Amino acid sequence: MTIDMEQPQVSVVIPLYNEEEHIAGCLDSMLRQDFPLAQMEWLFVDGGSSDRTISILESYRSRYPQLIQILHNPHKTVPYAMNIGIENSVGRYIIRLDAHSEYADDYFSKCVHYLDTTDADNVGGVIETKSKGYMGTAIAGIVSSKFGVGNSQFRTSGKNGY
């Protein structure tokens with residue numbers, strides 16, 4: 001297979017709505033990826049944010065105009081956002097992210113590696129739930145335990161496998 005360096009190999013689709021508190025951290029973690037920025041496109045699909053989410057995205061887009069797209073989701077929900085993002089993507093791979101999360105520096109390259117070297121159709125990584133405040137700490141504890149999420153190994157143990 002030859003790689004067309006003019007076309008992104010990875011399309012990152014990020015549904016969002018009112019993420020002003022988290023979007024900069026998400027973007028900064030995406031910028032730290034060891035996967036080449038020139039081989040990616042980032043599609044942020046906004047459900048009509050009423051906070052500063054779009055202005056923060058616009059400030060990043062002014063620095064990375066070839067990388068960042070902001071799309072509108074009139075239906076507001078994640079399934080519609082994913083459909084809009086996928087319909088507008090051109091990459092060989094689609095990575096779905098959450099705007100209120102931050103990602104390991106090798107997250108994209110590992111996803112691509114395992115898609116290329118295994119027979120998996122879908123891959124992902126371990127989730128480390130972080131929190132703020134008393135209630136956030138309680139929720140993080142629950143969603144990081146087998147009591148709260150059952151046998152969801154990507155949330156509880158970090159073991160790889162099917």
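Residues numbered from 1 in each chain as written. Predicted model: local features only at pLDDT ≥ 70, side-chain atom pairs only at ≥ 80, totals over all residues. Heavy atoms only, no water.

Colleague: Describe in detail the overall build of the chain, supporting the description with residues and values.
Modeller: Regarding its fold elements, the chain presents seven helices and four strands. Ordered by position from the N terminus, the helices and strands of the chain form the series β-α-β-α-β-α-β-α-α-α-α. The buried share among the 162 residues of the chain stands at 32%. With an accessible surface of roughly 10,000 Å², the chain has 52% of that area assigned to carbon and sulfur atoms. (Helix = DSSP H or I, 4+ residues; strand = E, 2+ residues; numbered from the N terminus. Buried < 20%, exposed > 50% of the residue type's maximum accessible area, 1.4 Å probe, protein only. Areas by Shrake-Rupley, 256 points an atom, 1.4 Å probe, with all protein chains shown as cover.)

Colleague: Break down helix 2 (residues 53-63) for me, citing the residues and quoting the values.
Modeller: Looking at helix 2, one finds that the buried residues are Thr53, Ile56, Leu57 and Tyr60. End-on, the buried residues of helix 2 take up no more than an arc of 100°, which puts them together on one face. In the core, the buried residues of helix 2 are packed alongside strand 1 (10-16), helix 1 (23-31), strand 2 (40-46) and strand 3 (68-72). (Arc of directions from axis to C-beta. Contact = heavy atoms within 4.5 Å.)

Colleague: Account for the pattern of salt bridges, with residues named and values stated.
Modeller: Under the counting rule described, the total for this entry stands at six salt bridges. Here Arg52 ties to Glu20 by a salt bridge, and the two come within 3.6 Å at their closest N and O atoms. Of this pair, Arg52 sits in the loop between strand 2 and helix 2 while Glu20 sits in the loop between strand 1 and helix 1, placing them 32 residues apart in sequence. Of the residues examined, Glu20 reaches a relative accessible area of 30% and is grouped as partly exposed. With a closest N to O distance of 2.5 Å, Arg96 and Asp98 form a salt bridge. Looking at Arg96, the relative accessible area reads 36%, which means it is partly exposed. Using a relative accessible area of 31% as the deciding quantity, one classes Asp98 as partly exposed. (Salt bridge = Lys/Arg side-chain N within 4 Å of Asp/Glu carboxyl O.)

Colleague: Summarise the sheet that holds strand 1; cite the residues concerned and give the values.
Modeller: Read across the open sheet, the four strands follow the order 3-2-1-4; overall the sheet is parallel. In this open sheet, the two edge strands, each paired with only one partner strand, are strand 3 and strand 4 (93-96). On average, adjacent strands in this sheet sit at an angle of 25° to one another, irrespective of strand direction. Both strand 1 and strand 2 contribute to a ladder of seven bridges, which runs parallel. If you follow Leu16 over to strand 2, its bridge partner there is Asp46. Docked against the sheet, helix 3 (residues 78-87) engages strand 1, strand 2, strand 3 and strand 4, running at close to 150° with respect to strand 1. Each of strand 1, strand 2 and strand 4 touches helix 4 (residues 107-117); the most contacted strand, strand 4, lies at about 135° to it. (Pairing = 2+ DSSP bridges. Axes fitted to C-alpha atoms, helices over the stretch in contact; angles between N-to-C directions.)

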